[in-house]
Amino acid sequence: MDVILFTIFNGVLYGMLLFMLSSGLTLIFGMMGVLNFAHASFFMLGAYFAYQISEFVGFYPALIIAPLVIAFLGALVEKYGLRRVHKFGHVAELLFTFGLFYIIEEIVQMIWGKVPVGYHVPLSMDFSLFTLMGMSYPAYQMFVLTVSVAIFVGLFTVLTKTRAGLIIKAALTHPEIVSSLGHNVPKVFMMVFGLGCALAGLAGVLAGNTLGTEPAMALMLGPIVFVVIVVGGLGSLKGALVASLLIGLMQTFAISLDYSLNDLIEFIGFSLDAESLWRILVDLTIATLAPVLPYLLLVVMLIARPRGLFGTRDV
Amino acid sequence: MNRIKKIFIISIAFLFLSSSAFSKDTIKIAMIEPMSGPLAAIGLDLIEGLEFFAERINKAGGVLGGRHLEVVAYDNQMIAEKTIQQLRKVIDEDIRYVTQGVGSNHALNIIQTLKKYNKRNPGKEVMFLNHSAVTTSFTNELCDFYHFRFDANVDMKVAGLVTQMANDPDVKKVYLLNQNYAYGQSFQAAAQRLLAERAPHIEIVGDELIVPFGKVLDFNPYIAKITKSGADTVLTGNWGPDAARLITAGANSGLKVKYYSIYAGIPNAMNQMGAKISTFTPIIQITESHENDPDHPAWLKEIEAEYFNFSNKSPYADRQRWMMEMFAAALEKAGTDDPTAVGFALEGMKSRGAKGEVFMRADDHQMHFDMVISHISENVEKPFIYNGENYGMGYITDGWIETKDITLPTTCKMKRPKKS
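Residues numbered from 1 in each chain as written. Chains lettered and ligands numbered in written order. Predicted model: local features only at pLDDT ≥ 70, side-chain atom pairs only at ≥ 80, totals over all residues.

Draft legend 1. Representation of the overall build of chain A within the structure. For chain A, the count of helices and strands is 14 helices and two strands. Taking 2.2 N^0.38 as the reference for a compact globule, 315 residues should give roughly 20 Å; the C-alpha atoms of chain A span a radius of gyration of 21 Å, in line with that estimate. Over its C-alpha atoms, taken along the principal directions, chain A stretches across nearly 70 × 45 × 40 Å. By sequence separation, contacts in chain A at least 24 residues apart represent 76% of the contacts at least 6 residues apart. (Helix = DSSP H or I, 4+ residues; strand = E, 2+ residues; numbered from the N terminus. Rg over C-alpha atoms; globule rule 2.2 N^0.38 Å. Contact = placed C-beta atoms within 7 Å.)

Draft legend 2. Structural detail: the overall build of chain B. Looking only at helices and strands, chain B features 13 helices and 17 strands. Radius of gyration (C-alpha) of chain B: 22 Å, near the 22 Å computed for a compact globule of 420 residues. Seen through its C-alpha atoms, chain B measures out along the principal axes to roughly 75 × 55 × 40 Å. Going through the 420 residues of chain B one by one, you find that 52% of them count as buried. (Buried ≥ 20, exposed ≤ 12 C-beta atoms within 10 Å, placed from the backbone.)

Draft legend 3. Spatial organisation of the domain arrangement of chain B. Residue and element names in this part refer to chain B. Assigned domains within chain B: domain 1 (24-152 + 303-368) and domain 2 (155-287). One C-alpha centre belongs to domain 1, the other to domain 2, and the line joining them spans 30 Å. Tallying the contact residues gives six residues for domain 1 and seven residues for domain 2. Among the residues forming the side of domain 1 that touches domain 2, the class breakdown is two nonpolar, four polar and no charged. (Domains from an automatic or database assignment. Nonpolar A, V, L, I, M, F, W, Y, C, P; charged D, E, K, R; others polar.)

Draft legend 4. Highlighting the sheet that holds strand β8 (residues 233-236) of chain B. All names here are of chain B. Reading across from one edge, β7-β6-β8-β9-β10-β14-β17 is the order of the seven strands in this open sheet, with mixed pairing throughout. Only two strands of the sheet have a single neighbouring strand rather than two, namely β7 (203-210) and β17 (394-401). Between one strand axis and the next, the sheet turns by 25° as a mean value, whatever way the strands run. Relative to the sheet, helix α6 (residues 182-198) contacts β6 (173-179), β7 and β8, its axis offset from that of β6 by approximately 160°. (Pairing = 2+ DSSP bridges. Axes fitted to C-alpha atoms, helices over the stretch in contact; angles between N-to-C directions.)

Draft legend 5. Representation of the confidence of the model for chain A. Scored by pLDDT, chain A comes out at a mean of 87, with 94% of its residues at no less than 70. Within chain A, helix α12 (residues 277-282) of chain A has the poorest average pLDDT of any element, 64, and helix α2 (residues 39-57) of chain A the best, 95. (pLDDT = per-residue confidence, 0-100.)

Draft legend 6. The interface of chain A and chain B, seen in detail. Opposite the 29 residues of chain A that make contact, chain B presents 30 residues. Going through the elements one at a time, α1 (2-32), β2 (135-138), α8 (185-211), α9 (217-232), α10 (237-256) and α13 (286-289) of chain A are the ones with two or more residues in the side of chain A that touches chain B. For the side of chain A that touches chain B, the class distribution of residues is 16 nonpolar, twelve polar and one charged.

Draft legend 7. Summary view of helix α14 (residues 293-304) of chain A. Residue and element names in this part refer to chain A. With twelve residues, α14 should reach 16 Å at 1.5 Å per residue; the first-to-last C-alpha distance of 16 Å fits that figure. Turning to α14, its buried residues number three or more, namely Pro294, Leu298 and Met301. Along α14, the residues classed as buried sweep out an arc of 70° about the axis, all on the same side. Turned more than 90 degrees away from the buried face of α14, the exposed residues are Leu296, Val299, Val300, Ile303 and Ala304. Contacts made by the buried residues of α14 are with α9 and α10. (Expected span 1.5 Å × (residues − 1). Arc of directions from axis to C-beta.)

Draft legend 8. Examining the pairing of strand β12 (residues 356-361) of chain B more closely. Residues and elements named next belong to chain B. Direction of pairing for strand β11 (residues 350-353) relative to β12: antiparallel, over a ladder of four bridges. Looking across to β12, one finds that lysine 350 is bridged to phenylalanine 359. Between the end of β11 and the start of β12, which pair antiparallel, lie two residues. Sheet topology places β12 next to strand β13 (residues 366-368); three bridges connect them, and they run antiparallel. From the neighbouring strand, arginine 361 faces β13, where its bridge partner is glutamine 366. Hairpin connection, β12 to β13: the antiparallel pair is bridged by four residues, and histidine 365 has positive phi, about 60°.

Draft legend 9. Representation of unusual backbone geometry. All names here are of chain B. Although it is not a glycine, leucine 64 adopts a positive phi angle of roughly 50°. Along the chain, the position of leucine 64 falls in the loop between α2 (40-59) and β2 (69-75). Of the residues examined, leucine 64 has 15 C-beta atoms within 10 Å and is grouped as partly exposed. Positive phi, close to 60°, is recorded for asparagine 312, a residue that is not glycine. Relative to the helices and strands, asparagine 312 resides in the loop between α10 (298-311) and α11 (319-334). Asparagine 312 gets classed as exposed once you count the C-beta atoms within 10 Å, which come to 12.

Draft legend 10. View of the packing of α2(A) against helix α3 (residues 59-86) of chain A. Residue and element names in this part refer to chain A. One way to put it is that α2 packs onto α3 with a least axis distance of 8 Å and a crossing angle of 140°. Relative to α3, the element α2 lies oblique. Along this stretch, α2 crosses α3, giving a crossing that reads as right-handed. On α3, the residues that touch Phe42, Leu45, Gly46, Phe49, Ala50, Ile53, Ser54 and Val57 of α2 are Phe59, Pro61, Ala62, Ile65, Ala66, Pro67, Val69, Ile70 and Gly74. (Parallel < 35°, antiparallel > 145°, perpendicular 65-115°, else oblique. Left-handed = near helix turned anticlockwise from the far one by under 90°.)

Draft legend 11. Structural view of the packing of α1(A) against α9(A). Residue and element names in this part refer to chain A. Their axes nearest at 9 Å, the elements α1 and α9 cross at an angle of 65°. Crossing of α1 against α9: the hand is right-handed. Facing Leu18, Leu21, Ser22, Leu25, Thr26 and Phe29 of α1, the residues of α9 in contact are Ile224, Val225, Val228, Ile229 and Gly232. The residue makeup of the contact of α1 with α9, split by class, is eight nonpolar, three polar and no charged.

Draft legend 12. Local environment of the pairing of strand β1 (residues 128-132) of chain A. Residue and element names in this part refer to chain A. In this sheet, β2 lies alongside β1 in antiparallel orientation, the contact comprising four bridges. Note on β2: the bridge partner recorded for serine 128 is proline 138. Two successive antiparallel strands, β1 and β2, enclose a turn made up of two residues, where methionine 133 displays a positive phi of approximately 40°.

Draft legend 13. Here's a closer look at the environment of B:Ala40. Within the secondary structure, B:Ala40 sits in helix α2. Residue classification places B:Ala40 among the buried residues on the basis of 22 C-beta atoms within 10 Å. Among all residues touching B:Ala40, those that are not within four sequence positions of it are A:Lys114, B:Pro34 and B:Met35.

Draft legend 14. Structural detail: the nonpolar core. Membership of the largest hydrophobic core comes to 207 residues, with the highest contact counts inside it found for A:Ala203, A:Val228 and B:Ile247. When residues of this core are sorted by domain, at least three fall in each of domain 1 (24-152 + 303-368) and domain 2 (155-287) of chain B. Setting aside anything within four residues of it in sequence, one finds B:Ile247 in contact with B:Tyr259, B:Ala264, B:Met273, B:Ile277 and B:Ile283. (Core = buried A, V, L, I, M, F, W, Y, C linked by C-beta atoms within 7 Å.)

Draft legend 15. Layout of the environment of B:Pro267. All names here are of chain B. Tracing the backbone shows proline 267 in helix α9 (residues 267-278). Taking the C-beta count within 10 Å as the criterion, proline 267 has 21 such neighbours and is therefore assigned buried. Residues proline 267 and asparagine 379, spaced 112 residues apart in sequence, show a C-alpha to C-alpha distance of 15 Å.

Draft legend 16. Representation of the confidence of the model for chain B within the structure. Residues and elements named next belong to chain B. Chain-level pLDDT for chain B is 92 on average; 94% of the residues reach the 70-or-more range. Segment residues 19-23: pLDDT under 50, and one contact once partners within four positions in sequence are set aside and those in other chains are kept. Under the prediction, the complex receives an ipTM of 0.84, its pTM being 0.87.

Draft legend 17. Quick look at helix α4 (residues 90-112) of chain A. All names here are of chain A. With 23 residues, α4 extends 33 Å between its outermost C-alpha atoms, agreeing within 8% with the 33 Å of an ideal straight helix rising 1.5 Å per residue. For α4, the complete set of buried residues consists of Glu93, Phe96, Thr97, Phe101, Ile104, Glu105 and Val108. The inward-facing, buried residues of α4 contact α2, α3 and α9. Downstream of α4 by one or two residues, glycine 113 has phi in the positive range, about 85°.

The following block contains the structure:
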């Protein structure tokens, strides 16, 4: 029982981290129809900014300041970059964000060097909250969990219950009509882009100290975020949440299962020759397959339901 | 206009001057390493180290009657195909010596390309001086006369770690965790074999391969598994984020195990993890030497102080020093810069290490030397310094592994060229 509880905690935490990363991306996609390849770069910037700011004023101010700075940067990118490229079509926008990814990586290397920086969990949260089956659950992880849940609730409320959310949602699907009603649609786009980047930045602030803050972190993170938003349905916030939790729990549980197909075969009562080629395949445990599972889910989802779990249009 | 012309002429003149000054008298060593991309820091540090040792030899009078050694760096961007492209360039530029070390898949490409090239171009052979690529097969079934490895291979390092574990009373249950690619798999295989041979009383309570290169974001489920298995020790070949995240997640969960590793405690990693995590449980590594060893010889301290003045970094890879010293000695012994003659000179050559003699085994061109087991600590005389930044930590010696304990049989059947 303890094991399952612990695994659920870990899975949910991992899932919420994925959610914070992908929510911004899926919002931006829903709005502009463009996959922001540089999204993980803003995650990286979040970690680096938090490291630098916490060197001067401590972690908690950094938690607020870093995402704000990144929101500002994101807004600038949208206003002076993407908006200008927009008129040349989606390919140009895609290439723009692709280039941005490399530029940010180079800039980070120029400023902070090529080796990992020492960004650590704040001392005030460096203690264990409770102990289960001989493993302590760090207070910091609970903090990350709380912040990410709060972010989701806040985001969801703003988008569904407020006037601003209504305008944003309307601007996503019917920009011309919203514009003719007197709303400044480009400004809405800019704000949403900034918000999306800030969410990625916040994820970087919260995860940079446990994952390690280094120039390659954006590159390593890239693919999984895209899996989340495709599985959840492009542009759907609810979908991003469900897909993140699904992938988080699935991977965490899979790692703790050391069963293979062979165990099942032997359980039924058959046995395979140890030398046979099939043996290599059936000997693979679920734990070894765990990292592939999200991508498997992606492929299955694209075949069975191309619009994703909560998507409204096909990929 | 006139001024531009002047600058143009001067620069042309410089170009001629510099190229003639270099090409005639120097013996070039091409170094193919990542100078850009995620592993650039490692590549650039190694290039700097090799340049320092080449410069040292040059200052002492050079080789073969005053000729200088010159390190020419080539960027492979950590892409294996790019390594082959750069190697072709090296061959085109008539450089007869190439060195590399980061990434065994890159080293494999060099070995295989050179094997073909050397066979087809007798008299123009190119030699590969391997300073850090550790896959064991390079000095077993893939061994080649023109390949020399100056680092210990995976099997030797694992043998050293296992020998230490066998004498460590705390180690009773070990969990193997490795990266699922050539290097991690060979670490795993060596660990299984050597644990059974040398420490049969140690029980293997877990054996796992993970997706390598930072693809695993959340190590908590692995920590849960290790805790559940009751292991007191984790034996891992992991490096980079795969090592740092594992140890960070373990420390955050209060997992009290010893980590026996090759690269988990490299200096960059200790800075990234911070003092609290790096010293929460012993992070143990095997290296050729380290500064805080009580018996660190005076002559090596002197060289390392010189290196520190040159680079503002604490020394880490002493193998680069003996590689360059032995290379220079082999050139002298051969009396020529022809790789075939230098190759014969290197076979069986002896040199000096932190703990006595080091030697290049002739059978398989594998370097042999005593290795030191150490763990990370804050209570050290000389904390590690990188680009002027004091990490506040260093290594403390746990014990030395004698050469005989890491000398393993080889399956190499070396085909040697005719001595000219």
